[in-house]
Amino acid sequence: LMCLLTGQALDTLGVIDSGSRIAGATLMALLVAAISILLGVLRVGGIVNFISHTVLSAFCTAAGITIGTSQIQHVLGVKLQRSKYW
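Residues numbered from 1 in each chain as written. Predicted model: local features only at pLDDT ≥ 70, side-chain atom pairs only at ≥ 80, totals over all residues. Heavy atoms only, no water.

**Some points on unusual backbone geometry**
Stated formally: Secondary structure elements are defined from DSSP: runs of H or I of at least 4 residues count as helices, runs of E of at least 2 residues count as strands, and each element is numbered from the N terminus.
Positive phi outside glycine occurs at R43, with the angle close to 60°. Looking at where R43 falls in the secondary structure, it is placed in the loop between α2 (18-41) and α3 (53-76).

**Considerations on the environment of Q81**
Threshold: Burial status follows relative accessibility: with a 1.4 Å probe on protein chains alone, a residue under 20% of its type maximum counts as buried, one over 50% as exposed, and anything between as partly exposed.
Mapping Q81 onto the fold places it in the segment after α3. Judged by relative accessible area, which is 76%, Q81 ranks as exposed. In this structure the C-alpha to C-alpha distance between Q81 and L10, which are 71 residues apart in sequence, comes to 17 Å.

**Section: α3**
Stated formally: Here the expected span of a helix is defined as 1.5 Å times the quantity of residues minus one. The angle separating two fitted axes, one through the seven residues that finish at a residue and one through the seven that start at it, defines the bend at that residue.
An ideal rise of 1.5 Å per residue puts 34 Å on 24 residues; α3 measures up with 34 Å between its terminal C-alpha atoms. Within α3, the axis deviates most sharply at S70, by approximately 30°. Once α3 finishes, G77 follows within two positions and takes phi at roughly 75°, a positive value.

**Section: α2**
With 24 residues, α2 should cover 34 Å at 1.5 Å per step; its first-to-last C-alpha distance of 35 Å lies within 8% of that length. Phi turns positive, to about 60°, at R43, one or two residues after α2.

**Here we look at the state of the cysteines**
Test applied: When two cysteine sulfur atoms are found within 2.5 Å, that pair is recorded as a disulfide.
Counted by the stated rule, this structure contains 0 disulfides. Free cysteine C3: the closest other cysteine sulfur is in C60, separated by 17 Å.

By themselves, these figures tell us nothing about what the structure is for.
Laid out in C-alpha cells, this is it:
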C-alpha cells in the first residue's frame with residue numbers, strides 16, 4: 001500500500017525521471033521516519049485505543065483490496081495504461 005501511495009504522490013508532483021523518483025521516495029521515507037519517531041517520543045500511539053475494531057478492520061480490508069487489484073494485471077499478464085486516477 002505504501003508503494004502505491006508513494007508512486008501516486010510522485011506522479012502528482014510530476015516526477016518522471018527514475019533517479020528523481022528514487023530520490024523523492026527516499027526523502028519521503030526519511031520524513032515519515034522522523035515523524036514516526038517524534039510521535040513515538042510524544043507517546044501519541046495511545047490514540048489507537050480509541051479507534052473501534054470495526055474501523056481498523058475496514059482499513060485493513062480496503063488495503064488488501066487495493067493491493068490485490070493493483071497486482072491483478074501481473075497475475076493475468078494484461079498490460080494496462082498507467083493513469084493518474086485508478
